Amino acid sequence: MLKIENLSFRYKKKSNLILDNVSLELDKGQIGIVLGKNGSGKSTLFKNILGILKPEQGTITLDGENLFTMNRRLRATKIAYVPQDITFGSLTVYDSILIGRVSRFGIASTEKDKDVVDSIIEEMGLEANAFRNVNELSGGERQKVAIARALAQEPELLVFDEPTGNLDIGNEQLILKEAKRLAKEKGITIIVAIHDINTALTFGDKFFLLKKGQMVNQGGPEVITPEHISCIFDVNVKVENINGRQIVLLEDDNEN
Amino acid sequence: MVLSRTPLRTNYIRKTNAKVLFLCVSTAVLLICIFFSVFIGSSSMTFADTWHALFMNSSNAYNRIVWNIRIPRIIAAVIAGAGLSVAGLIMQSTLGNSMASPSTLGVSNAAVFGANLSIIAFAGGFLSTGNNVNNYTSSANPFATSVMAFIFATLSILLILGLCSFNSFTPNSVVLAGIAIGSIWTAATTILQFFATDVGLSAAVIWNFGDLGRATYKTDLIMAIVVVLGSIFFGLMSWRYNAMLSGENSAKTMGINVKALRFVSLLVASVITAVCVSFLGVIGFIGIICPHIMKRILGQDHRFLIPASIISGSLLLTLSDMLSRTLGSGSALPVGAITTMLGAPFFLYMIFTHREDSRC
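Every chain is numbered independently, its residues counted from 1 as its sequence is written. Chain letters start at A and ligand numbers start at 1, both assigned in the order the entries are written. Where local features are concerned, this predicted model is filtered to residues with pLDDT of at least 70; where side-chain atom pairs are given and counted, the filter is 80 or more; whole-chain, interface and lining totals use all residues.

On to the overall build of chain A. When you go through chain A residue by residue, the secondary structure sums to nine helices and twelve strands. In summary, chain A has a C-alpha radius of gyration of 19 Å against a globular reference of 18 Å for 256 residues, a match within 12%. Evaluated residue by residue, chain A yields a buried proportion of 43% over its 256 residues. Long-range pairs, those at least 24 residues apart, make up 64% of the contacts in chain A between residues at least 6 apart in sequence. Counting from the N terminus, the helices are the DSSP runs of H or I reaching at least four residues and the strands are the DSSP runs of E reaching at least two. Based on C-alpha atoms, the radius of gyration is set beside the globule rule, defined as 2.2 Å times the residue count to the power 0.38. To sort residues by burial, count the other C-beta atoms lying within 10 Å of each one's C-beta; a count of 20 or more means buried, 12 or fewer means exposed, and anything in between means partly exposed. C-beta atoms are built from the backbone. Here contacts are defined at the residue level, using C-beta atoms placed from the backbone and a cut-off of 7 Å between them.

The following block contains the structure:
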């Protein structure tokens, strides 16, 4: 379980708090969606979880282990990151995924590391592209490689920072279904930042509503109410139930 | 026991073997060049004379030309070429800047200043000491010049890394600080040369030409120790450099201590450069040309790119040296001029084509 307690962060000593006393809990194998406007602190929250930034106060634990006291390499075997803008060097897909094992093997990869990579490539259907230059692939395919590399770390927690931001709807669905499968089949806890509320409702188990660095609300789909969404995104919305699914629609000012 | 391999693993091994084969062929080409390089020189020795001299069966003069002049400079070309090339590669990889090189970081400029200071200020080349050749030659010590060049090159990189660690140790801040401090060394060198005598000035300018003719077995040994140890360190860090290709944040989440790796790698690369430049003078562009050509052929996998850059650096400097001895008609041209003549157009080609790193 991922547990964040009273996390506060600011970039400089006298600047405003970017995260203000944020607390959240996410159970093992759940997909948690962080919703908030640009600048609400989503990426900063993720960077704190990943150990890229150090908070001013608060704790983050994963299955009871404090992430801040964990050494860098050990943390990399527990938490993996899929960023929004994927950059790879001029490497093959296979080697790009094998890099995910570096925290485990250190200097030279072993047969076991390659076995893990082989099985991930097969599992994710990347065999045809395994020895192509990763930079020649489409955005969706590159994102799949990024997920595969994160999986090679054999993490307990996956952090996706707006993973579908640059993708078309087809690739977006592909990536999010893959995330859902990982959570269900492998029991990996996933925390994701997504802008589209309806996409979030389709894939998320738990929702964290962030506004100006503060956690406005958190919980299951029931927290996605017009009031909460209006509060964090500053737009008028209505929530309708269509064929048993909760859909968030923008309120038309001229409707009446 | 028969090992059963998946098609995926078989393909991986095949791809890896192809790169290993490339490295083996490159090494063979380098060895052939080294062999022929022994037979090329500005003296009138025939092939047979050189062959006999190799076994110390020729005249004393010819034996000395081969064993005291040609072989030390060939060894220097192999070692310095390897060192400058791998240092350039590591600077580019750790700073994420394909134009990073010893010159960009001001290491070469600092070495030039150190050498000029030694020649002009401490070896009697100042105006105040008079335009006296005897005065200059009696106090000039080639080793003192190299030591001064090394000290200033190392101090310069420590200054840059120190300044950058005060604030944010970002790749851009290192490159910009390198350019700024490099300019200060160049300006200081100009001022120093302004006050130099004709003799001091010409000695300083001649030192600035990269010249393999200064190499001795002693300097080769010192360079070899530094280059070999540095290259082993870089080789051990190959996967970490590969991880850094994904950006600083991604590398951190893969357990890499990016700042420490960047600091130590830049320091080691700069020490290699400082040692080579302090003994041989400025030999430009090796650190840019060779890594870039190898990236185009092999991609950016540092497991192969590091040895490939080492071999290609040695090869390019050996070939440039052969060219300098062939074109010199009686005396060898400064090899630094040859590498710069080859490197500058390549640099322009790179800027205007943007076709690097397309393979892997």
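Next comes the rest of the description.
Here we take up the overall build of chain B. For chain B, the count of helices and strands is 15 helices and zero strands. Looking at chain B as a whole, 51% of its 360 residues qualify as buried. Look at the contacts in chain B between residues 6 or more apart in sequence, and 79% of them connect residues 24 or more apart.

All names here are of chain A. Should DSSP find at least two bridges between two strands, the strands are taken to pair. Strand order in the open sheet made by the four strands is 2-1-4-5, with antiparallel pairing throughout. For this open sheet the edge positions go to strand 2 (19–26) and strand 5 (65–66), each flanked by a neighbour on one side alone. Here five bridges tie strand 1 (residues 2–9) to strand 2, and the two strands are oriented antiparallel to one another. Paired with F9 across the two strands is L19, which belongs to strand 2. The angle between two axes is taken between their N-to-C directions and runs from 0 to 180 degrees, where each axis is a line fitted to C-alpha atoms and a helix contributes only its stretch in contact. Along the sheet face, helix 1 (residues 42–50) touches strand 1, strand 2 and strand 4 (57–62) and points at about 65° away from the line of strand 2.

With that settled, consider the pairing of strand 8 (residues 189–193) of chain A. Residues and elements named next belong to chain A. Of all the five residues making up strand 8, five are buried; the element is thus mostly covered by neighbouring parts of the structure. Burial along strand 8 is two-sided: T189, I191 and A193 and I190 and V192, pointing in opposite directions, are all buried. Bridge count between strand 7 (residues 157–161) and strand 8: five bridges; the pairing is parallel. Residue pairing across strands places L158 opposite I190, the latter belonging to strand 8.

A separate point is the interface of chain B and chain A. If you look at the interface, chain B gives 29 residues, while chain A gives 30 residues. At the level of elements, helix 1 (7–37), helix 10 (238–244) and helix 11 (248–253) of chain B are the ones that each hand at least two residues to the side of chain B that touches chain A. Counting residues per element, the side of chain B that touches chain A draws most heavily on helix 1 of chain B, which supplies five residues. When residue character is reported, Ala, Val, Leu, Ile, Met, Phe, Trp, Tyr, Cys and Pro are called nonpolar, Asp, Glu, Lys and Arg charged, and the others, Gly included, polar. Partitioning the side of chain B that touches chain A into residue classes produces eight nonpolar, 13 polar and eight charged.

A word on the domain arrangement of chain A. Residues and elements named next belong to chain A. Annotation of chain A at the domain level lists domain 1 (1–78 + 155–221) and domain 2 (89–154). What marks off one domain from the next here is an automatic or database domain assignment. Inter-centroid distance (C-alpha atoms) of domain 1 to domain 2 is 23 Å. Facing twelve residues of domain 1, the contacting portion of domain 2 comprises ten residues. Among the elements of the structure, helix 2 (72–76) and helix 7 (169–186) are those that each provide at least two residues to the side of domain 1 that touches domain 2. The greatest single-element share of the side of domain 1 that touches domain 2, amounting to four residues, is contributed by helix 7. In terms of residue class, the side of domain 1 that touches domain 2 is made up of seven nonpolar, three polar and two charged.

So, on to the environment of I191(B). Residues and elements named next belong to chain B. Mapped onto the elements, I191 comes out in helix 7 (residues 171–194). Look at I191 and you get exposed, because 11 C-beta atoms sit within 10 Å. Along the backbone, I191 and V282 are 91 residues apart, and their C-alpha atoms lie at a distance of 19 Å.

Turning to the packing of helix 2 (residues 47–54) of chain B against helix 3 (residues 60–95) of chain B, a few remarks are in order. Residue and element names in this part refer to chain B. With their axes 9 Å apart at the nearest point, helix 2 and helix 3 run at an angle of 75° to one another. Relative to helix 3, the element helix 2 is oriented roughly perpendicular. Of the residues in helix 3, those touching helix 2 at D49, T50, A53 and L54 are Y62, N63, I65 and V66. For the contact of helix 2 with helix 3, a count of residues per class yields five nonpolar, two polar and one charged. Angular relationships are summarised with four words: roughly parallel below 35 degrees, roughly antiparallel beyond 145, roughly perpendicular across 65 to 115, and oblique for the angles in between.

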